[in-house]
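Fold and contact review
Chain by chain, the residues:
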Amino acid sequence: MAEAAASQGMGPSPARRWLRRTAALLVGAPLIAGLLSGTAATTAAHATGTTAPHKAPLSRTVQVTLDSMAPSAPVKSDTLTISGTVTNTGRQAVTSAHVGLRVGQRLNGRTGIDDASQRGGSSPGLDGAEVGDKYTVKFPKLAPGISRDFTLSVPVTKLGLDGDGVYPLGVSVSGQTVNQPYDQILGSQRTFLPWQPEAVDGKKSQLTYLWPLMSSTHLTAQTGSDEQQTPVFADEELAAELAPGGRLERMVSLGDELPVTWVIDPDLLATVDAMTRNYRVKSGDTDVPGTNQDVAKEWLGKLEDAVQGKKVVALPFADPDLASLAHRGKDVSGSLSHLQGATEVAEKTVETILHVTPSVDFAWPVQGAVDPSIVDVATSAGAHNVIARSDSLRETGGLSYSPSAARPIGGGTTAVVSDARLSTAFEGDMSRAGNSTLAVQEFLAQTLAITLQDTDKQRSVVVAPQRMPTASQAQTMASAVRALSAQRWTQPLDLTAAATVKPDAHATARVPGSSSYPGSLRRQELPVQAFQDMKSTQGTLDKFKVVLTAPDRVVTPFGNAINREMSTSWRDGREGAVIYRAGVQSYLDGLTGEVRLIQKSTATMSGRSATLAVTVQNQLVQPVGNLVLRLEPSNPSRLKVTTNEDTNGGQPVKIDGGHSQSVKFTATANANGPVQVTARLYTQDGTPYGDPMEFTVKVSEITPTVMLVIAGGVLLLVLAGIRMYTHRKRSTALKETGGSDAAEAADGDDPGQPSDPTPDTGPESGASPGTGEKVEH
């Protein structure tokens, strides 16, 4: 009617329109005032740097924490016991309070579990009604800020479970407040109850749980000069992890009882093995003896017992960061060669220390994130299996079930795809009992949901948790794996077997492009400079080792140190990585500098030829050789140094540890004056070694005129000697005949005449040789 009237030009009268507008303004005034006051409050809050107070809804007035639930996966004859704490976080006392248990309708697969997990607060449609007043715990009064413990025990037969599956299980607190004096839900906490009292009629899921044993870097590149090469640790933090209650001690003690696949970084084994003997620890500018040998021995002994009969996978030594290598390091020459060496030493290390033969056929990129370049690098050292994760290798075919882990991705490589939900289930703060209980229940619920997706098709499920779980995370992981021990819907399978399971033809096998790699992970990668630093250190090591008679004493510790520079553990400490790399290079430079030339300032040549000597010092504990010393005058036309063609123009150098050697050269001068000479060591292939040393040779050549003067003086001395000899002979003869006076007269000498003058040429005065070494003629 209104539309028809408007179309015919029949609108409301002006008076009626005025009344409508006035009414609208009157009705809208409170709303506008409320909006304005809300805006003003918000503006004031921002101006003072605070936020407006938020009144919590009544359903959150009481906080509920579930500290334990046993059994985690009950059967029909069990009594379910749940313990926890309720805390009044509101401002009003709660009266007539009671804690009750609620069981909702069976959830629809993994998606239903996800939805229920993300939905907070109480939801009557999801959580269902209370089990019954008989199975409640009552609190007459719960004052503000007060916490009370509770324990609910309910026979499973009272829960109303009508079929196999996962049920939402809620614990709620109901009561009254002064402002709302009627019974209401004031707080709740939801978890999951996996219900599979009998083994599945179909095929169980094969579950592979990786048990990682890794740590950050604790060893430096430095070793003692003794025969045992006593290692030097950066700190004693590793001992705390190995001690009872420590992170690594818990991993070994818990893993010993579980059907898991051990994934080990061989560097950890080598480091702990070094602790079992004498070792030293950095302390300021010096180092002190380590004192935790017994702790290390006990831990290694327990680990050796734990891995017997279990599958052990050894990652490349020091767990290199494959993504960093692929994205930042592969273009720096030599970087990939370190990965090859790290893989080669891995198997030998595990066999030597644990006396088991590990599999070295697996690569594990950070968080299982892959792209083509990561796969290429991971397999470049010989691995044929890459541990990926399902949130990286995502399903695109709309499968209604979770496919098996093994996926052929080309080139003879298999991606072993771990389940993302299960792998990240225990990454939170598991030191709080409430978090741990919820995590275990959701993990069990997800595993059951996977099996029930299709019980006619057996599938392989792999769980690859965080690399370095805390002690509390390890405890929670163990609780979850232990809860599956009844094998009602899963059965254990080791990683090697999981990699050979027949792949699902419908599962995705396409490796995502590099643009899909998570930016958060890319930002944590080692920079290009890190790999350039490694290249520089390796170059210094290559030059150094050729002069050593026992190169393994240097090559092994520094090779391991370079591997540690690539470790995945540096993602959590990039500043520490820079310091570590600088420390390795500095220490290596210090060692190479122990073989050096002793500085000399001036040498003097007082002739056409002379021997020049240069001293080479070796302060290492081992002999050095394969060195050649060359002297190169700045002006060869004035000073020529005789060269040895057999040693590339130099003199061979071989010095025992802690000794020096004087290396001599024959030099020929063609003119007077100073000549700059450069002395430098070279390896036998012509590569310069160490810093050059410069000194001055002062040439003071003897001229022909001086030679004539000297010759004349010598001749006069000879003639005078002959005359004196003749005179004495005659005097002796006259004495014998008694005619000495007549002889003297006959001699014709006038006693008043002076004798022959003494030569007035004193000895030649030469220039002082200065502070240089003595020149041998």
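Residues numbered from 1 in each chain as written. Predicted model: local features only at pLDDT ≥ 70, side-chain atom pairs only at ≥ 80, totals over all residues. Heavy atoms only, no water.

Another point: the overall build of the chain. Of regular secondary structure, the chain possesses 21 helices and 29 strands. Taking all 777 residues of the chain together, the buried fraction comes to 45%. Taking all contacts inside the chain whose residues are at least 6 apart in sequence as the whole, residues at least 24 apart take part in 78%. For the chain, the accessible surface area stands at approximately 38600 Å², while carbon and sulfur atoms represent 52% of it. (Helix = DSSP H or I, 4+ residues; strand = E, 2+ residues; numbered from the N terminus. Buried < 20%, exposed > 50% of the residue type's maximum accessible area, 1.4 Å probe, protein only. Contact = heavy atoms within 4.5 Å. Areas by Shrake-Rupley, 256 points an atom, 1.4 Å probe, with all protein chains shown as cover.)

Taking strand neighbours across the sheet as the criterion, the 4 strands line up as β4-β3-β6-β7 in an open arrangement whose pairing is antiparallel. This sheet does not close on itself; its edge strands, each paired only once, are β4 (137–142) and β7 (184–195). Pairwise comparison of adjacent strand axes, ignoring direction, gives a mean angle of 20° for this sheet. Note that strand β3 (residues 94–103) and strand β6 (residues 165–176) share 7 bridges and pair antiparallel. Note that in β6 the partner of Gly100 across the bridge is Ser172. (Pairing = 2+ DSSP bridges. Axes fitted to C-alpha atoms, helices over the stretch in contact; angles between N-to-C directions.)

Judged by pairing direction, the sheet is mixed, and its 4 strands sit side by side in the order β9-β10-β12-β13 without closing on themselves. Unpaired on one side and paired on the other, β9 (219–223) and β13 (286–289) mark the two borders of the sheet. The sheet shows a mean angle of 40° between the axes of neighbouring strands, taken without regard to direction. In this sheet, strand β12 (residues 280–283) lies alongside strand β10 (residues 231–233) in parallel orientation, the contact comprising 2 bridges. Opposite Phe233, over in β12, you have Val281 as the bridge partner.

A few words on the side chain of Ser392. As for its placement among the helices and strands, Ser392 is situated in the loop between β16 (385–389) and β17 (406–410). Using a relative accessible area of 15% as the deciding quantity, one classes Ser392 as buried. A polar contact of 3.1 Å, which involves the side chain of Ser392, links it to the backbone nitrogen of Val370. When near neighbours in sequence (up to four residues on either side) are disregarded, Ser392 contacts Gly368, Ala369, Val370 and Pro512. (Polar contact = N/O pair within 3.5 Å; in protein donor to acceptor, adjacent residues only side chain to side chain.)

To continue, consider the nonpolar core. Phe544, Met605, Leu629, Leu631 and Val697 are the most contacted members of the largest nonpolar core, which has 75 residues in total. Residues within four places of Leu631 in sequence aside, it is in contact with Leu612, Val614, Val641, Phe665, Val677, Thr678, Ala679 and Phe695. One finds Val272, Leu303, Phe426 and Met477 within the second-largest nonpolar core, a separate group that totals 65 residues. (Core = buried A, V, L, I, M, F, W, Y, C linked by side-chain atoms within 4.5 Å.)

Now for the environment of Ala274. Along the chain, Ala274 turns up in helix α7 (residues 266–275). Between the C-alpha atom of Ala274 and that of Phe233, which follows or precedes it by 41 residues, the distance is 9.6 Å. When near neighbours in sequence (up to four residues on either side) are disregarded, Ala274 contacts Pro231, Phe233 and Tyr279.

This part is about the pattern of salt bridges. Enumeration over the complete set of coordinates arrives at 18 salt bridges. Lys302 serves as the salt-bridge partner of Glu298, at 3.6 Å between the closest nitrogen and oxygen. Of this pair, Glu298 and Lys302 both sit in helix α8 (residues 293–307), separated by 4 residues, roughly a single helical turn. (Salt bridge = Lys/Arg side-chain N within 4 Å of Asp/Glu carboxyl O.)

What follows is about the confidence of the model for the chain. Of all residues in the chain, 82% have pLDDT values of 70 or greater, and the mean over the chain is 85. When the criterion is pLDDT under 50, residues 739–777 qualifies, and its contacts beyond four places in sequence or with other chains add up to 34 contacts. (pLDDT = per-residue confidence, 0-100.)

Following the criterion strictly, the structure yields 6 aromatic pairs and no others. Feature note: the residues Tyr209, Trp211, Phe426 and Phe443 constitute an aromatic cluster, connected by ring pairs. Its end group placed over the ring of Trp364, Arg467 keeps NZ or CZ at 4.4 Å from the ring centre. Just above the ring of Phe695 sits the side chain of Lys600; from NZ or CZ to the centre is 5.0 Å. (Phe/Tyr/Trp six-rings, centres within 6.5 Å; stacked < 30°, edge-to-face > 60°. Lys NZ or Arg CZ within 6 Å of the ring centre and 35° of its normal.)

On to helix α18 (residues 552–565), then. Taking 1.5 Å of rise per residue, 14 residues should cover 20 Å, and α18 covers 20 Å from first to last C-alpha, within 8% of that figure. The element α18 is largely enclosed, with a buried count of 10 among its 14 residues. The set of residues buried in α18 consists of Arg553, Val554, Pro557, Phe558, Asn560, Ala561, Ile562, Asn563, Arg564 and Glu565. Buried residues belonging to α18 abut β9, α7, α10 (335–354), α17 (528–545) and α19 (574–592). (Expected span 1.5 Å × (residues − 1).)

As a further point, take the pairing of strand β2 (residues 79–88). Counting buried positions along β2 yields 8 of 10 residues, so the element is predominantly enclosed. Two strands pair when backbone bridges link them, and strand β1 (residues 62–70) and β2 are joined in this way by 8 bridges, in the antiparallel orientation. Across the sheet, the residue bridging to Val64 is Val86, located in β2. Across 9 bridges, β2 lies against strand β5 (residues 147–155) in antiparallel orientation. Considered in β5, the bridge of Thr85 is made with Asp149.

Turning our attention to the packing of helix α6 (residues 247–255) against α8. Interaxial distance between α6 and α8 falls to 9 Å at its minimum, and their mutual angle equals 30°. It follows from the interaxial angle that α6 and α8 lie roughly parallel. Seen along the crossing, α6 lies across α8 with a hand that is left-handed. Along the contact surface, α6 presents Leu248, Glu249 and Val252, while α8 presents Trp299, Lys302, Leu303 and Ala306. When grouped by side-chain class, the residues that make up the contact of α6 with α8 number 5 nonpolar, no polar and 2 charged. (Parallel < 35°, antiparallel > 145°, perpendicular 65-115°, else oblique. Left-handed = near helix turned anticlockwise from the far one by under 90°. Nonpolar A, V, L, I, M, F, W, Y, C, P; charged D, E, K, R; others polar.)

A word on unusual backbone geometry. Note that the residue after Ala70, namely Pro71, is joined by a cis bond; omega there is -10°. In this structure, Gln367 takes a positive phi of about 55° despite not being glycine. Position of Gln367 relative to the elements: it lies in the loop between β15 (362–363) and α11 (372–380). With a phi close to 60°, Asn626 is a non-glycine residue in the positive phi region. In this structure, Asn626 sits in strand β24 (residues 624–633).

Looking now at α11. Among all positions of α11, only Ser373, Ile374, Val375, Val377 and Ala378 are buried. The elements touched by buried residues of α11 are α9 (322–329), α10, β15, β16, β17 and β18 (413–418). Note on α11: the residue one or two positions beyond its end, Gly382, has a positive phi of about 110°.

To continue, consider the pairing of strand β29 (residues 688–699). Pairing analysis gives 4 bridges linking strand β22 (residues 602–605) to β29, with the strands arranged parallel. Bridge pairing links Thr602 to Thr696 in β29. Summarising the sheet, strand β28 (residues 673–683) and β29 pair through 9 bridges and their orientation is antiparallel. Its bridge partner lying in β29, Gly673 is registered against Val699.

The next thing to look at is the environment of Ala97. Inspection of the secondary structure puts Ala97 in strand β3. The class of Ala97 is buried, set by a relative accessible area of 2%. Along the sequence, Ala97 and Leu186 sit 89 residues apart, while their C-alpha atoms lie 9.1 Å from each other. Those residues in contact with Ala97, other than ones at most four positions away along the chain, are Val137, Lys138, Phe139, Pro140, Ser174 and Gly175.

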